[in-house]
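Below, each chain spelled out in residue letters.
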Amino acid sequence: MPPELDPLLFGEIDPPQRLLMGPGPINAHPRVLRAMSADLLGQFDPEMTGYMNQVMALYRPIFGTRNRWTMLVDGTARAGIEAALVSLVAPGDAVLVVNFGRFGLLLTEILQRIGAVIETVDAPWGEVVPMERIEAAIARVRPRLVATIHGDTSTTMAQPLDGLGALCRAAGALSYVDATATIGGMELAADRWGVDVVTGGLQKCLGGPSGSAPITVSDRAAEHIGQRRHVERGIRGEGAVDGQGPRISSNYFDLAMIMDYWSEKRLNHHTEATSMLYAARECARIALGEGLEARYARHAAAGRAMTAGLRAMGLTVFGDDRHRMTNVTGVHIPQGVDGEAVRGAMRELFEIEIGTAFGPLQGRIWRLGAMGYNAMKHKVLLTLAALEACLRMEGFALTLGQAVPAAIEAWEAKS
Ligand SMILES: *Cc1c(COP(=O)(O)O)cnc(C)c1O
């Protein structure tokens, strides 16, 4: 066995202090890490169920909703996505996916496994789908569900969602939005958008680790899911009745069971991931303590500063300017520059991580994030100064010292 794999020689975890300025995950807020080290409780301890109720209350304003069913799915953001889709969609249901990047493709992949009949309305990477095209697609497809992404980090685009819910309701469709990349960083307005189910994650703008997926479910979606309720006789409470609809095929991601667990009935399902619940609770307390408006403005300032700094270096920012996310910025890798060499130098010399890209954008753009605890002026400035130095080292002709002043000015500017 090579010595580095001898278990007796493994040291205590002591990772390097990297500054994570990619598309997520990012560095967790120290208060979140402290909350996670708090003592554990039994899952039906009144203190624990009290914290669960607090989490429900904390996440309603963050989602922009008054939905009763606002809670956590245990797992990474993808667990929230899968719970939403498997609970809302039965095999054979028509689903319209509004697709403008990699995470739209992920929705279609999960829906395929469910056996949905999938139609997509697409935009090229770097653009969003105009609402008129969504409206026309709904009229054509007559879907049971319309599913989309709010901010797709793969393309750095934010899909406008005002009016989506009304279109879906008028057509008798439910609606789902993956807001993992924007929750806590750009405004979520589940009620104003009129959308039924929205899910998120902690590791982007909420400044936590990955591993918990906040979710909100409208009453009408909860009723639909309740129709698909599956009762495990003898295991679950007496008096519970099976729903009439087609059963939800997953146990772990069965939102009817998860809602029963988060309800006053406290019907046992999984064991709530205690330390992750503490983390999610602290993430939300920090966000609400800062004030959501102030927090969105801080992310917008960080995005403006990042963009201005990149442009001042002579780089070209990726995508439709009108619809770029504030918290992650794509930038073209200049001709003749080895993108991976620059990322390597950023990491080795400055302990800063920036993101690569997927699919059609792989090798073409880098993605620079400024989210949650990292959407701070000094972290954006450090990243830009470091990138300038690394680009110059890798042979890109630029005048050092342009990016930081441009970023400072843009940070202070009114949006
Ligand atoms: C980052 C991201 C995810 C990530 O899901 P995980 O399971 O937490 O890795 C999902 N959706 C979007 C839009 C994202 O940006």
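Analysis parameters
Residues numbered from 1 in each chain as written. Predicted model: local features only at pLDDT ≥ 70, side-chain atom pairs only at ≥ 80, totals over all residues. Heavy atoms only, no water. Domains from an automatic or database assignment. Contact = heavy atoms within 4.5 Å. Polar contact = N/O pair within 3.5 Å; in protein donor to acceptor, adjacent residues only side chain to side chain. Helix = DSSP H or I, 4+ residues; strand = E, 2+ residues; numbered from the N terminus. Nonpolar A, V, L, I, M, F, W, Y, C, P; charged D, E, K, R; others polar. Salt bridge = Lys/Arg side-chain N within 4 Å of Asp/Glu carboxyl O. Buried < 20%, exposed > 50% of the residue type's maximum accessible area, 1.4 Å probe, protein only. Near = heavy atom within 4 Å. Areas by Shrake-Rupley, 256 points an atom, 1.4 Å probe, with all protein chains shown as cover.

A. Main features of the domain arrangement of the protein. Along its sequence, the protein is carved into domain 1 (30-288) and domain 2 (292-412). Once you take the C-alpha centre of each, domain 1 and domain 2 turn out to be 31 Å apart. With 30 residues of domain 1 at the interface, the matching set in domain 2 holds 22 residues. Our count for the domain 1 to domain 2 interface comes out at seven residue pairs in polar contact (both at pLDDT 80 or more). Taken together, the elements giving at least two residues each to the side of domain 1 that touches domain 2 come down to α2 (46-63), β6 (151-152), β7 (157-158) and α10 (274-290). Per element, the largest residue contribution to the side of domain 1 that touches domain 2 is three residues, and it comes from α10. The class makeup of the residues in the side of domain 1 that touches domain 2 is 16 nonpolar, ten polar and four charged.

B. Layout of the pattern of salt bridges. Tallied over the entire structure, the rule returns 21 salt bridges. A salt bridge links R192 to E187, with the nearest nitrogen and oxygen atoms 3.1 Å apart. Accessibility expressed as a relative area gives 36% for E187, which makes it partly exposed. Ionic pairing is found between D321 and R324, a salt bridge with its closest N-O pair at 2.7 Å. You can call D321 partly exposed: its relative accessible area is 46%. What emerges from the salt-bridge pattern is a single network uniting R31, E282 and R285.

C. Main features of the site of the ligand. Surveying the vicinity of the ligand reveals the residues T76, A77, R78, F103, I149, G151, T153, D178, T180, A181, Q203 and K204. Here an oxygen atom of the ligand and a backbone polar atom of A77 are 2.9 Å apart. Q203 is positioned with one of its side-chain polar atoms (N or O) 2.6 Å from an oxygen atom of the ligand. About the coverage of the ligand: the protein hides 87% of its 390 Å² of free accessible area.

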